[in-house]
Number of protein chains: 2
Amino acid sequence: MCHYIDKSGYMESEDAILALGALAQSTRLEAFRLLAAHEPDGLPAGAIADALAVPQNTMSSHLAILARAGLIRSRRHSRSIVYRADLARFQQVALFLIKDCCGGRPELCAPLIADLQPCCAPKPKAARRPARAST
Amino acid sequence: MCHYIDKSGYMESEDAILALGALAQSTRLEAFRLLAAHEPDGLPAGAIADALAVPQNTMSSHLAILARAGLIRSRRHSRSIVYRADLARFQQVALFLIKDCCGGRPELCAPLIADLQPCCAPKPKAARRPARAST
DNA sequence: CGAATATTTCGATCATACTAGAAATACCGT
DNA sequence: ACGGTATTTCTAGTATGATCGAAATATTCG
């Protein structure tokens, strides 16, 4: 069986719905994308709001929603609050979505994996080997 | 610029947001799951409403939302309207989500693929489509 | 046609979401 | 402590979503 995620937890439908709802909004999706792109270091709230041309309080609401969904986390860094994407959590959401809906239907996942291969490093054996980029 | 999904299976943010929003609701997620499970044949609207213990008109709204997101399709079958999950579309959503957020970050996708392998990848020889190098 | 069945559309109600101005909170440097 | 900066919380207005009873539409059958 492979329905469970043994990294930091296992995702229930409710959690997945929360995460999907958090990502189903343009500002939040872009914010998460931005944070994923800046993943090693994160980005302070003001920089996110500035990059997305959104008022800080509005962005603060969106960031709170993403955080409540577990997709991002914040930590204080002197005067700024730096947000980071929780990529493990994101993986869990993606996995839930795929596994949940392809339950008993391997033919759904196979082409998905095939499509994923050219995108990312084809190292399925080294799952726990995060290739360090230039950071 | 295309606001729809092009033939190669790529998706715009707007479409993805629509699909994510459609799935970010318990009744709709369950409905889609149900339809995915019954995929070859589909299921009439009444049966879905009955299976999920939801009034027919309420379910009709949800099905309409899923259909507008492109995740399901309907076809008349005598007196009933049979809904089917559009698994290809679902794949596109999942792919968008993963690729979009792991852009430039292959280390995010690798473990995802690894986790997917035991679930459903009996055929390592996957038909690789001519993926465009850039987006 | 007229009755029966399956599903959708209409209308109304209630709840939640998005947005942003203004005020409040937390931190830093001097 | 004080002023400046970064961010959040408060608040309110508007918009969208969920739910479901009732009516309307579409199809089949007698």
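The structure this text deals with has already been given above.
Here is what the cut-offs are and how they apply
Residues numbered from 1 in each chain as written. Chains lettered and ligands numbered in written order. Predicted model: local features only at pLDDT ≥ 70, side-chain atom pairs only at ≥ 80, totals over all residues. Heavy atoms only, no water. Helix = DSSP H or I, 4+ residues; strand = E, 2+ residues; numbered from the N terminus. Buried < 20%, exposed > 50% of the residue type's maximum accessible area, 1.4 Å probe, protein only. Contact = heavy atoms within 4.5 Å. Salt bridge = Lys/Arg side-chain N within 4 Å of Asp/Glu carboxyl O. Pairing = 2+ DSSP bridges. Expected span 1.5 Å × (residues − 1). Arc of directions from axis to C-beta.

**Q** Quick question: what am I supposed to make of the overall build of chain A here?
**A** Each helix and strand counted, chain A has six helices and three strands in total. Along the chain direction, N to C, the helices and strands of chain A fall in the order α-α-β-α-α-β-β-α-α. Counting the 135 residues in chain A, one finds 44% classified as buried. Counting contacts in chain A only where the partners sit at least 6 residues apart, residues at least 24 apart contribute 57% of the total.

**Q** Any chance you could explain the pattern of salt bridges here in plain terms?
**A** Pairing is possible between side chains that carry opposite charge, provided their charged atoms lie close to one another. Residues and elements named next belong to chain B. Scanning all chains against the criterion turns up four salt bridges over all chains. The partner of R84 in a salt bridge is E39, with the nearest N and O atoms 2.3 Å apart. Of this pair, R84 sits in strand β3 (residues 80–85) while E39 sits in the loop between α2 (26–37) and β1 (43–44), and the two are 45 residues apart along the sequence. The shortest N-O distance in the salt bridge between R73 and D86 comes to 3.6 Å. Highlighted residues: R73 in strand β2 (residues 72–77) and D86 in the loop between β3 and α5 (87–101), separated in sequence by 13 residues.

**Q** Can you help me understand the pairing of β2(B) in this one?
**A** Consecutive side chains of a regular strand alternate in pointing toward one face of the sheet and then the other. Inspection of the sheet shows β2(B) paired to β3(B) by six bridges, in the antiparallel sense. Paired with S74(B) across the bridge in β3(B) is Y83(B).

**Q** Mind showing me how you'd approach the sheet that holds β2(B) here?
**A** Within a sheet, each strand pairs with its neighbour through backbone hydrogen bonds, oriented either parallel or antiparallel. All names here are of chain B. In space, the three strands of this open sheet follow the order β1-β3-β2, with antiparallel pairing throughout. Edge positions in the sheet fall to β1 and β2, since each has one partner strand and no second. Pairing of β1 with β3, which is carried by two bridges, proceeds in the antiparallel orientation. When the bridges of β3 are listed, L43 appears paired with Y83.

**Q** Is there a simple way to think about helix α4 (residues 56–68) of chain A in this case?
**A** Because each turn of an α-helix spans 3.6 residues, side chains separated by three or four positions end up pointing in the same direction. Residues and elements named next belong to chain A. Compared with an ideal rise of 1.5 Å per residue, which puts 13 residues at 18 Å, α4 spans 18 Å between its outermost C-alpha atoms and is within 8% of the ideal. Among the residues of α4, M59, H62, L63 and L66 are the ones counted as buried. For α4, the buried positions fall inside an angular range of 100 degrees around the axis, keeping them on one side. Those residues of α4 that are exposed and angled more than 90 degrees off the buried face are N57 and R68. Those residues of α4 that are buried lie in contact with α1 (13–23), α2 (26–37), α3 (45–52), β2 (72–77) and β3 (80–85). Looking one or two places after α4, you find G70, whose phi comes out positive at around 80 degrees.

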